[in-house]
Amino acid sequence: MKKKEPNLSPHDQFFKENFSQKDEAVSFLKEVLPEKIKSNIDFDSLQIDNQSFTDKELKEYFSDIVYHCKYKASKEIKISFLFEHKSYFVKYPHIQLLKYMIKLWEYDIKQNRPIQPVIPIIVYHGKQKWEKKPLSSFFNDPDSDFKNFIPDFDYILSDLSQYTDEQIRNQVFDNLFLKTALLVMKNIFDDRKLEAHLSDYFSIAKIYYEEEKGLKFLEAVIRYLFYTKDENKKEDLVKIIEQIPIRGEEIAMTIAEKYIHMGKEKGKMETAVNMLKFKADINFIHQVTGLPLDEIK
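Let me sum up the structure you'll find in this document. Within any chain, residue numbers begin from 1 and follow the written order of that chain's sequence. For this predicted model, a pLDDT threshold of at least 70 governs which residues receive local features, and a threshold of 80 or more governs which side-chain atom pairs are given and counted, while totals over whole chains, interfaces and linings are taken from all residues. Side-chain numbers here rest on the full set of heavy atoms in the structure, without hydrogens or water.

1. What about the overall build of the chain?
Then comes step 1: Where helices and strands are cited, they refer to DSSP runs of H or I of at least four residues and of E of at least two residues respectively, numbered from the N terminus. Secondary structure assignment for the chain yields 13 helices and five strands.
Then comes step 2: Burial classes: relative accessible area under 20% of the type maximum marks a residue as buried, over 50% as exposed, and values in between as partly exposed (1.4 Å probe, protein chains only). Split into buried and exposed, the 297 residues of the chain put 43% on the buried side.
Then comes step 3: Here a residue-residue contact requires only that any non-hydrogen atoms of the pair lie within 4.5 Å. Expressed as a percentage of contacts within the chain between residues at least 6 apart in sequence, the contacts between residues at least 24 apart total 61%.
Then comes step 4: Total accessible area on the chain is roughly 17000 Å²; 50% of this is exposed by carbon and sulfur atoms. In short, Shrake-Rupley with a 1.4 Å probe defines the accessible areas, and a residue's cover is counted only from the protein chains shown.

2. Let's talk about the sheet that holds strand β2 (residues 65–71)
Then comes step 1: Across the sheet, five strands lie side by side as β1-β2-β3-β4-β5; this open sheet has mixed pairing. Looking at strand neighbours, the two that pair on one side only are β1 (41–48) and β5 (156–159), the edges of this open sheet. Looking at each pair of strands side by side, their axes are set apart by 25 degrees on average, direction ignored.
Then comes step 2: Here four bridges tie strand β4 (residues 118–124) to β5, and the two strands are oriented parallel to one another. Across the sheet, residue I121 finds its bridge partner in β5, namely I156.
Then comes step 3: The strands touched by helix α2 (residues 22–32) are β1, β2, β3 (77–86), β4 and β5; relative to β1, the strand with the most contacts, the crossing angle is about 135 degrees.
Then comes step 4: Angular values range over 0 to 180 degrees, each being the angle between N-to-C directions of two axes fitted as lines to C-alpha atoms, with helices fitted over their stretch in contact. Contacting β2, β3 and β4, helix α5 (residues 93–110) crosses the sheet at an angle of about 140 degrees to β4. The criterion for strand pairing is that DSSP finds at least two bridges linking the strands in question.

3. With respect to the packing of aromatic side chains
Then comes step 1: Working definition: a ring pair exists when centres of Phe, Tyr or Trp rings (six-membered ring for Trp) sit within 6.5 Å. Plane angles under 30 degrees give stacked, over 60 give edge-to-face, the rest tilted. In total, this model carries 13 aromatic pairs according to the counting rule given.
Then comes step 2: Both rings, one in Y67 and one in F83, keep their centres 5.9 Å apart while their planes meet at 80 degrees; by these two values the pair is edge-to-face. Placement of Y67 in strand β2 and of F83 in strand β3 is noted, with a sequence separation of 16 residues between them. Here Y67 matches F83 in class, with each residue buried.
Then comes step 3: Taken together, F15, F19, F28, Y67, F83, Y163 and F173 form an aromatic cluster joined through their ring pairs.
Then comes step 4: Charge over a ring is defined by NZ of Lys or CZ of Arg lying within 6 Å of the ring centre and within 35 degrees of the ring normal. Directly above the aromatic system of F43 lies the positively charged group of K30, at a separation of 5.3 Å from the ring centroid.
Then comes step 5: Against the face of Y155 rests K132, its NZ or CZ located 4.9 Å from the ring centre.

What follows is the structure, encoded as structure tokens:
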């Protein structure tokens, strides 16, 4: 089982795993982008940009996903998409987005190339309603005396609560993995709905579960569910997994075994943390817990 990346929440990790897949990113962009921009994009040229960063600071700075692609215009330019994921409402998203945009432009300059347009996209699936406002509206300046000095810019908000399950499943997005992932993300905080419909969400991409990519996706969904659900929900989750149209019982058994192992490892980690608080030697902690030295460090 793939481990969570450090400092990423389960929501961020699941988002990153799915939106790092080009097919899913293209399907999503075709739904959320304005028609004028979408019609001029060369989607075949779309590629993820994070892996190309050589600047250590920049590589560590981005926890979310950046794509770039060619733009069909009178002259060829490149246009970047910044996917920023949120599972909770943020009052001032512009500040973080602007930091990201500046970092991208600094990187362009460092690579001796013209700075590229950046389209920030926020994918939101939290409980609270997202209030989208321009940055200038937060300044106490009713007469707009300082308007020219405020870096106002727009961003695309994709609030999953604005779609019904039926729309995601049958009307928008053409990628089956994306449909399933968004349905799970959209309803992740509604245990009753998940329990009632999770097996239906799993069935959407069932034709791919015999393939390696499908199994990896399925495991990512299940891991996401295990990381975000309370202990008393785990047993119910395993029962739902057993209903997956293909290899459900086998997958449920494997996940259950991994979860038991994960619980044991969590106990070791808690022991190691407590020992570190008392400044115990890491070699001694290694002998007591059996954890690898690099993990303890």
